[in-house]
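What follows is each chain in one-letter form.
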Amino acid sequence: MPPPFWSNMAGGSEMNNDHINNQIRRLRFDHGEMTQQQLADKVGVTRQTIIAIEAGKYAPSLPLAFRIARAFDTSVENVFQYQNGKVPFEVPKPAP
């Protein structure tokens, strides 16, 4: 049985190939070697939550994803990348 749609754990069921990659570690380094604790304080979570998100063991809520992106003055897409094991959708180019 698949997890409920509100499940916040990364990975999900065995048949679920969804995964969220993130650039948090690189962004922390690029922003003056910000510590996990400093980021946690900035976005209002525990250091353990930042550790779990960085490691890909926990998918953040959408509001938390936005707070993390704002902490680095960037977009959510620059912090998190969604992958579901399928070829990414590409918009067809118009015919010449």
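What you see is a predicted model, and the numbers here were worked out from it, not measured in a lab.

Peer 1: I'd like a rundown of the overall build of the protein chain, residues and numbers included.
Peer 2: If you tally the helices and strands in the protein chain, you get five helices and two strands. For the protein chain, the α and β elements follow one another from N to C terminus as β-α-α-α-α-α-β. Counting only contacts in the protein chain whose residues sit at least 6 apart along the sequence, the fraction spanning at least 24 positions is 60%. In the structure as shown, the protein chain presents an accessible area of about 7,300 Å², 57% of it carried by carbon and sulfur atoms.

Peer 1: I'd like a description of the side chain of Glu-54, backed by residues and values.
Peer 2: Positionally, Glu-54 belongs in helix H3 (residues 47-54). In this structure the side chain of Glu-54 is engaged in a polar contact, spanning 3.3 Å, whose partner is the side chain of Gln-36. Not counting the four nearest positions on each side in its chain, Glu-54 is found in contact with Asn-22, Ile-24, Arg-25, Arg-28 and Gln-36.

Peer 1: Tell me about the packing of helix H2 (residues 36-43) against H3, and please be specific about residues and values.
Peer 2: Viewed as axis vectors pointing N to C, H2 and H3 meet at an angle of 110°, and their least axial separation amounts to 8 Å. Taken as axis vectors, H2 and H3 run roughly perpendicular relative to one another. Contacts between H2 and H3 involve Gln-36, Gln-37, Leu-39, Ala-40 and Val-43 from the former and Arg-47, Ile-50, Ile-51 and Glu-54 from the latter. Broken down by class, the residue content of the contact of H2 with H3 amounts to five nonpolar, two polar and two charged.

Peer 1: So what about the confidence of the model for the protein chain? Which residues, and what values?
Peer 2: Looking at the protein chain, the pLDDT average stands at 83 and 73% of residues meet or exceed 70. Taken together, the stretch residues 1-7 has pLDDT below 50 and engages in three contacts with residues farther than four places along the chain or on a different chain. Overall, residues 9-15 carries pLDDT values under 50, and its contacts beyond four positions in sequence, including any with other chains, amount to eleven contacts.

Peer 1: An account of the nonpolar core is requested, with residue identities and associated values reported.
Peer 2: Counting residues in hydrophobic clusters, the biggest one holds 17 residues, and the most contacted among them are Ile-24, Leu-39, Val-43, Ile-68, Phe-72, Val-79 and Phe-80. At the level of secondary structure, the elements contributing two or more residues to this core comprise helix H1 (24-30), H2, H3, helix H4 (62-71) and helix H5 (76-79). The greatest single-element share of this core, amounting to five residues, is contributed by H4. For Val-79, the residues in contact, after removing those within four places along its chain, are Asn-21, Asn-22, Gln-23, Ile-24, Leu-27, Ile-68, Ala-69 and Thr-74.

Each value, and the rule that gives it
Residues numbered from 1 in each chain as written. Predicted model: local features only at pLDDT ≥ 70, side-chain atom pairs only at ≥ 80, totals over all residues. Heavy atoms only, no water. Helix = DSSP H or I, 4+ residues; strand = E, 2+ residues; numbered from the N terminus. Contact = heavy atoms within 4.5 Å. Areas by Shrake-Rupley, 256 points an atom, 1.4 Å probe, with all protein chains shown as cover. Polar contact = N/O pair within 3.5 Å; in protein donor to acceptor, adjacent residues only side chain to side chain. Axes fitted to C-alpha atoms, helices over the stretch in contact; angles between N-to-C directions. Parallel < 35°, antiparallel > 145°, perpendicular 65-115°, else oblique. Nonpolar A, V, L, I, M, F, W, Y, C, P; charged D, E, K, R; others polar. pLDDT = per-residue confidence, 0-100. Core = buried A, V, L, I, M, F, W, Y, C linked by side-chain atoms within 4.5 Å. Buried < 20%, exposed > 50% of the residue type's maximum accessible area, 1.4 Å probe, protein only.

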